[in-house]
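Close look at the chain arrangement
Here are the chains, one letter per residue:
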Amino acid sequence: MTFDLSVDNSQLGGPEVEALIASRPWWHRIEIRSGIITPGTKDTFAELETRIGLPERLDGQSVLDIGAAEGFYAFECEKRGAQVTAVDVLPAAESGFGLARSLLGSKARHLHGSIYNLDAAVIGEYDLVLCLGVLYHLRYPLLALDNLWSVCKDRLIIESQICDRYFLKQDQQVASLADLSPELTNASIAQFYPDAELSSDVTNWWSPSEACLSQMLTTSGFENRIYFSDGARAVFHCRKMERTALSARLAASEWDSVKRPTLLYD
Ligand SMILES: C[S@@+](CC[C@H](N)C(=O)[O-])C[C@H]1O[C@@H](n2cnc3c(N)ncnc32)[C@H](O)[C@@H]1O
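Residues numbered from 1 in each chain as written. Predicted model: local features only at pLDDT ≥ 70, side-chain atom pairs only at ≥ 80, totals over all residues. Heavy atoms only, no water.

This next bit is on the domain arrangement of the chain. The domains assigned to the chain are domain 1 (1–113) and domain 2 (131–139 + 150–257). Of the residues lining the interface, 13 residues belong to domain 1; the matching set on domain 2 comes to 13 residues. Carbon and sulfur atoms supply 59% of the area buried between domain 1 and domain 2, which totals about 1,000 Å² over both sides. For the domain 1 face of the interface with domain 2, the top three residues by lost area are R51, I52 and I66, together amounting to 50%. Linking domain 1 to domain 2 there are one salt bridge. Of the charged contacts in the structure, one is a salt bridge between D230 and R51, with a shortest N-O distance of 3.4 Å. Where domain 1 touches domain 2, the interface holds three residue pairs in polar contact (both at pLDDT 80 or more). (Domains from an automatic or database assignment. Contact = heavy atoms within 4.5 Å. Buried area = accessible area lost by both parts, 1.4 Å probe. Salt bridge = Lys/Arg side-chain N within 4 Å of Asp/Glu carboxyl O. Polar contact = N/O pair within 3.5 Å; in protein donor to acceptor, adjacent residues only side chain to side chain.)

Have a look at this one:
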């Protein structure tokens, strides 16, 4: 079957849609037609229902979905009325985003690039930024949060691995911070994974505690509250704020020196 990813294929019938869905592996479950769902191993519907707290309606809002993968959350925001831009280090044609977008007839834009490359002068600012399941994959999480601030107009929803009830001990057993020591309850710490310790995935680098992630967000200019946490994963709902506190001003100036480097003999 010949198939053009760049055009709207929302009129394609059931058998062709099913054949196209079967042509690649899926991680997200996305409803492409009534009753035809991509066979993803991640139950995106349950996660959306219980964990994320996406606003019911997003009419007239702009949304930036960072690390969108196959695009379940991007398409969900579009259904709720938003104009959506997705970003991922994987090109749309490789991640499944391109196929899902074409079958859905979605107008969502996809940018092939990294969270580190976000630049408001190039891609604009967004009413709502989503950063779900990305932070712990990054070696430079604070640089990423500062970048999110620079492209966020109002709200950020961020989801991450956390270590409060998922601290990996040397024997690879999982413990809660409180069990390790009562003094570690609510401690602002992060666990670093130099290798593939977390979920046998070498792309996992960091797992902050709830308190640590909250403070990382605050110093990056986001007022924040926990919307969901089971001690291993957490979702924070954040509002962009002015960076007036000394720590936030220092963070902003350090970010500036990274984004606009100068090196002068004097
Ligand atoms: C665990 S998946 C999360 C996908 C989706 N947001 C979700 O919650 O289901 C992480 C995604 O982030 C992307 N990613 C990893 N590093 C990234 C980076 N530096 N910038 C943008 N996306 C990145 C990966 O390609 C992958 O699609």
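The structure having been displayed, the exposition proceeds.
The next subject is the sheet that holds strand β12 (residues 222–229). Spatially, the seven strands line up as an open sheet ordered β5-β4-β3-β6-β7-β13-β12, and their pairing is mixed. What marks the edges here is a single partner per strand, and that holds for β5 (109–112) and β12. Pairs of neighbouring strands in the sheet enclose a mean axial angle of 20°, with direction left out of account. In the sheet, strand β4 (residues 83–88) pairs with β5 via four bridges, with the strands oriented parallel. Along β5, the bridge assignment pairs V87 with L111. Where helix α3 (residues 72–79) meets the sheet, its contacts fall on β3 (62–66), β4 and β6 (126–132), and the angle it forms with β4 comes to roughly 170°. (Pairing = 2+ DSSP bridges. Helix = DSSP H or I, 4+ residues; strand = E, 2+ residues; numbered from the N terminus. Axes fitted to C-alpha atoms, helices over the stretch in contact; angles between N-to-C directions.)

Close contacts around the ligand come from 18 residues, with H28, G67, D88, I115 and L132 the closest. A distance of 2.9 Å is found between an oxygen atom of the ligand and a side-chain nitrogen or oxygen belonging to K42. For the ligand, a nitrogen atom lies 2.7 Å from a polar atom in the backbone of L132. Contact with the protein chains hides 87% of the accessible area of the ligand, taken as 600 Å² for the molecule alone. Broken down by class, the residue content of the shell around the ligand amounts to ten nonpolar, six polar and two charged. (Near = heavy atom within 4 Å. Areas by Shrake-Rupley, 256 points an atom, 1.4 Å probe, with all protein chains shown as cover. Nonpolar A, V, L, I, M, F, W, Y, C, P; charged D, E, K, R; others polar.)

Before going further, it helps to spend a moment on helix α10 (residues 246–259). Taking 1.5 Å per residue as the helical rise, α10 with its 14 residues ought to reach 20 Å, and the 20 Å between its terminal C-alpha atoms agrees with that figure. Burial in α10 covers these residues: A248, A251 and W255. Buried positions in α10, seen along its axis, are confined to an arc of 60° and lie on one side of it. Exposed positions of α10 whose direction lies more than 90 degrees from the buried face are L246, L250 and E254. Those residues of α10 hidden inside the fold are in contact with α7 (141–151) and α9 (210–219). (Expected span 1.5 Å × (residues − 1). Buried < 20%, exposed > 50% of the residue type's maximum accessible area, 1.4 Å probe, protein only. Arc of directions from axis to C-beta.)

On to the pairing of strand β13 (residues 233–240), then. Along β13, six of the eight residues are buried, which leaves the element largely enclosed by surrounding structure. The sheet contact formed by strand β7 (residues 152–161) and β13 spans seven bridges and is antiparallel. Directly across from Q161, in β13, lies its bridge partner R233. In this structure, β12 lies alongside β13, joined through seven bridges in antiparallel fashion. Its bridge partner being in β13, R225 is matched across the sheet by H237. Two successive antiparallel strands, β12 and β13, enclose a turn made up of three residues, where G231 displays a positive phi of approximately 90°.

Now for helix α2 (residues 44–52). Note that an α-helix has 3.6 residues per turn; residues three or four places apart therefore point the same way. Within α2, the full set of buried residues consists of T44, E47, L48 and I52. The buried residues of α2 occupy an angular sector of 100° when projected down its axis, which confines them to one face. Counted as exposed and oriented over 90 degrees from the buried face of α2: E49 and T50. On its buried side, α2 packs onto α3, β6, β7, β12 and β13. At the exit of α2 stands G53, carrying a positive phi of roughly 70°.

This part is about unusual backbone geometry. Phi at A69 is positive, roughly 55°, even though this residue is not glycine. Mapped onto the elements, A69 comes out in the loop between β3 and α3. Residues other than glycine seldom take positive phi values, yet Q172 does so here, at roughly 75°. Summarising the element assignment, Q172 is placed in the loop between β8 (167–168) and β9 (174–175). Exposure remark for Q172: the relative accessible area of 45% places this residue in the partly exposed category.

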